[in-house]
Structure formats: structure tokens, C-alpha cells
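# Remarks on the overall topology
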Amino acid sequence: FEPASSFLVGAAGVAAAGWISPKIFCYFQECCQPDWISFSSRGLKTDLDKNLFGQHIASRIIQTAVSGFMNSDRPKKPLVLSLHGWTGTGKNFVSQLIAENIYKEGMDSNFVHVFSTTTHFPHQQTQLNSYKSQLQRWIKGNVTNCERSFFIFDEVDKMNPDLIESIKPFLDYYDKVDGVSYLKSIFIFLSNTGGDNIAQIALDYWKAGKNREEIKYTDLEGPLSEALFNSKGGFFRSGLIENSLVDFFVPFLPLEYKHVVQCALRAMRDNGYLEKQDMAERLAGDFIYFPKTEKVFSASGCKKVQTKLPFYM
Ligand SMILES: Nc1ncnc2c1ncn2[C@@H]1O[C@H](COP(=O)(O)OP(=O)(O)OP(=O)(O)O)[C@@H](O)[C@H]1O
């Protein structure tokens, strides 16, 4: 854990000492101000529509939830989203799109913080108490620095429920906790919990010859909460669900061959290659698909597209 934006604290000190005015400082360096933090609802919608493939449900929920929250001057609680689905289906990617449409610096912003369970909390068995207090201090420090902070917790399924429990007060409807208001912060939890159940529904639709876009949120709600209920780690036992602190559970559907082709074409564009449909199709064709017999969904979603691309160009 790094100290919360120590650079900014130092810079404020420099500014306060009269060396440089905060206005000039914040012209060059990121500060917790509208020049650096301003939400573009239209930008988010365009990004989701153009760049997120095969996720009509997630796209709609994210757009509505984030816009509603960011456009409110006095939210009643921090925004808490829990993103669920198979690997490589866009959960991290969506978090990135949200960050880019709030912070000028996107994911590089000092106010965007990513926690990965295996990286940041590798010894949960032995160091749980120390992790709990570090995490609380860290969140408090960052939100004290900037109330528009954005926290992304990756691999929540591997997180000890007690660790999640320790941040519960920050996610609640309290005006202030220990003198700090968390109401304008965003917390996003990412996990694969429920991915199998979501994939099963998508497969049922596919087998029935129905269009994927006909899948409704209500079709997935039950299987998703069942998966959460039965999951060993993380959420259910942490009480976040019981206390309704998660505002939206967002399901991500498994991706099909055509989506992998779309990802490949976009990766070509992003990397300055000419878009070649046949190459994209070859790349997508070499991916592994499940279930074994039907081979409908990409086992790694779009995850390895970027790294495999050079071998096809
Ligand atoms: N639905 C999607 N639409 C467009 N691109 C996607 C989509 N899903 C994944 N990608 C691409 O694949 C990359 C990897 O996806 P991402 O990291 O978002 O997966 P994830 O769902 O977070 O996986 P994991 O559960 O393994 O962390 C993204 O950076 C993005 O380029």
C-alpha cells in the first residue's frame, strides 16, 4: 500500500507555503477539481455502445446507474456495483470506460484505485487483521483527499468475507464516517461468481434458437443470487447483500465467436494495423469454445485477443 496520494499532500503544502498558487499547480497537476473530474454521460454511452460487445444488459445497467449517480449533487450513498461473469467478458474493461468518462486521466488518475485480491492481500489467512486496518485507512485517506474517488476490487470471489465486511461502513447511507463523507465515491466489485449460471441461461437461449439480445435482466437475477448465496467466499457471508449495500448486480454474458471477431478487429485498429476480416476470423477460430459439444462461448472471452494478434498479422 502506498500512502494516499502523498504527492498531492506535498504539493498542497508547497502551494500553502506560497511557492506556487494552487490554481497554477492544478493547471499542470491533477487535482480533485472539476477541471480534472467531470462526468460525460454521453461519452460513456457512446463508449459502451461502440466498444463493449455482446453485453446489452450490463451496458444498460451501467449507463443508467453511473449517470444517475454522477448527475446527482447529493447522492444518498456511494455507488456500489458488483460485476459478475465469465473471464474476459469485459468487467475490467467497463470499469476502465467508466474511469475514462469521469477522470481526465482515466485509469491513471490519482483518484482511481485498483485492488486485486491476490496481489494486495496474498496472505489473508495470517494477516487478515492487518489487511483490514490497512484497507480502511487507505480508503479513508483517499476519500479524505478526494470525495470523488473510484475503487475497483478485482477477484472479490477470492477475498475473505471479513475483509469485505471491514469496508461496509463506507458503503452505507451514513452522511459521514469519522468525519469523512463517502457519498460521492464509487466502489466496483469484480468477480467470476455466477459466471456459470449466467452462461447456462445464455446457452438455454441459444439452444432454443432465441436471439441473445432477448435475454432479460430478470432471467439472470435468480441464477445470479443463487450463485452468490452458494458461493464460499466473499459477498454473501460479508453481509453486503443482506444489508442491500450493493446497488446493482451486473451480469456479463459469455462471449461468442462473432464477439471475438469484433474484439480482434478493434485490436487491429487500436494497434495501427489495417482491419482484416479474414485474419480476425482466423484468430477467433483458434480460440477454445465451450460447452464441449456445442462450442458456443469463448472460454477466455476476448482476453487473449491482444496478445495473440501479432501472430496473425
Ligand atoms: N464485451 C467486451 N467487449 C469488448 N471488448 C472486450 C469485451 N470483453 C473483453 N474485452 C476485451 O478483452 C480484454 C480483457 O477483458 P477484461 O479484462 O475486461 O475481462 P474480465 O471480464 O475483467 O476478466 P476476468 O474475470 O478474468 O478479470 C479487455 O481489455 C477488452 O479489450
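All values reported here derive from a predicted model rather than from experimental measurement.

Within strand β5 (residues 248-252), 4 of the 5 residues are buried, which leaves the element mostly enclosed by the surrounding structure. Relative to β5, strand β1 (residues 79-85) is paired through 5 bridges, and the arrangement is parallel. The residue bridging S82 from the neighbouring strand is F249, located in β5.

This part covers the UniProt feature "binding site: ATP" (unreviewed entry) in the chain. Cross-referencing UniProt, the feature "binding site: ATP" (unreviewed entry) maps to G85, W86, T87, G88, T89, G90, K91 and N92 in the present numbering. The contact partners of G85, leaving out residues within four places of it in the chain, are K91, G195, I198, P251, F252 and L253. Looking at the secondary structure, you find W86 in the loop between β1 and α5 (91-100). Once you skip the residues sitting within four places of it in the chain, W86 turns out to touch N192, G195, A199, P254 and G301.

Before going further, it helps to spend a moment on the sheet that holds strand β3 (residues 150-154). The strands making up a sheet associate through backbone hydrogen bonding, with each pair oriented either parallel or antiparallel. The 5 strands are arranged β2-β3-β4-β1-β5 in an open sheet whose pairing can be described as parallel. Unpaired on one side and paired on the other, β2 (112-116) and β5 mark the two borders of the sheet. The sheet shows a mean angle of 15° between the axes of neighbouring strands, direction not considered. For β3 and strand β4 (residues 186-191), the ladder comprises 4 bridges, and the chain directions are parallel. From the neighbouring strand, F151 faces β4, where its bridge partner is F187.

For the rest of this paragraph, the subject is the packing of helix α13 (residues 257-270) against helix α14 (residues 277-285). Where α13 meets α14, the axes come as close as 8 Å, and the angle between the chain directions of the two elements is 130°. Here α13 is positioned oblique relative to α14, judged by the angle of their axes. The handedness of the crossing between α13 and α14 is right-handed. Contact residues: Y257, V260, V261, A264, L265 and M268 in α13; A280, E281, L283 and A284 in α14.

Let's shift gears to the site of the ligand. Around the ligand there are 20 residues in total, and T87, G90, N92, F93 and C302 lie nearest to it. Per element, the largest residue contribution to the shell around the ligand is 3 residues, and it comes from α5. Of the residues contributing to the shell around the ligand, the split by class is 7 nonpolar, 11 polar and 2 charged. Formed jointly, the shell around the ligand draws a minimum of three residues from each of two domains, domain 2 (38-196 + 211-252) and domain 3 (257-312).

In this numbering, the UniProt entry assigns the feature "domain: Torsin-1A C-terminal" (unreviewed entry) to residues 255-312. Across residues 255-312, helical content stands at 47% and strand content at 7%; the span's end C-alpha atoms are separated by 21 Å.

Across the 6 residues of β4, 6 count as buried, placing the element largely inside the fold. Residues I186, I188 and L190 of β4 are buried on one face, and the alternating residues F187, F189 and S191, pointing to the opposite face, are buried as well. Looking at chain direction, β1 and β4 are connected through 6 bridges and run parallel. In the strand pairing of β4, S82 is matched with F189.

Turning next to the packing of helix α3 (residues 41-51) against helix α4 (residues 56-70). Taken N-terminus to C-terminus, the directions of α3 and α4 make an angle of 170°; their axes are 10 Å apart at the nearest point. Relative to α4, the element α3 lies roughly antiparallel. From α3, S41, L44, K45 and L48 reach across to α4, where they touch S59, I62, Q63, V66 and S67. Split by residue class, the contact of α3 with α4 holds 4 nonpolar, 4 polar and 1 charged.

Turning to the nonpolar core, a few remarks are in order. In a soluble, globular protein the nonpolar side chains are often hidden away together inside. Membership of the largest hydrophobic core comes to 77 residues, with the highest contact counts inside it found for L83, I98, F150, F153, I188, V260 and A264. Looking at this core element by element, the count peaks at 7 residues for α13. Two domains each donate at least three residues to this core, and these are domain 2 (38-196 + 211-252) and domain 3 (257-312). With sequence-adjacent residues up to four places away left out, I98 is seen in contact with L44, I62 and V66.

What counts and what doesn't
Residues numbered from 1 in each chain as written. Predicted model: local features only at pLDDT ≥ 70, side-chain atom pairs only at ≥ 80, totals over all residues. Buried ≥ 20, exposed ≤ 12 C-beta atoms within 10 Å, placed from the backbone. Helix = DSSP H or I, 4+ residues; strand = E, 2+ residues; numbered from the N terminus. Pairing = 2+ DSSP bridges. UniProt positions renumbered as here; feature names shortened; annotations may be inferred. Contact = placed C-beta atoms within 7 Å. Axes fitted to C-alpha atoms, helices over the stretch in contact; angles between N-to-C directions. Parallel < 35°, antiparallel > 145°, perpendicular 65-115°, else oblique. Left-handed = near helix turned anticlockwise from the far one by under 90°. Near = placed C-beta within 6 Å. Nonpolar A, V, L, I, M, F, W, Y, C, P; charged D, E, K, R; others polar. Domains from an automatic or database assignment. Core = buried A, V, L, I, M, F, W, Y, C linked by C-beta atoms within 7 Å.

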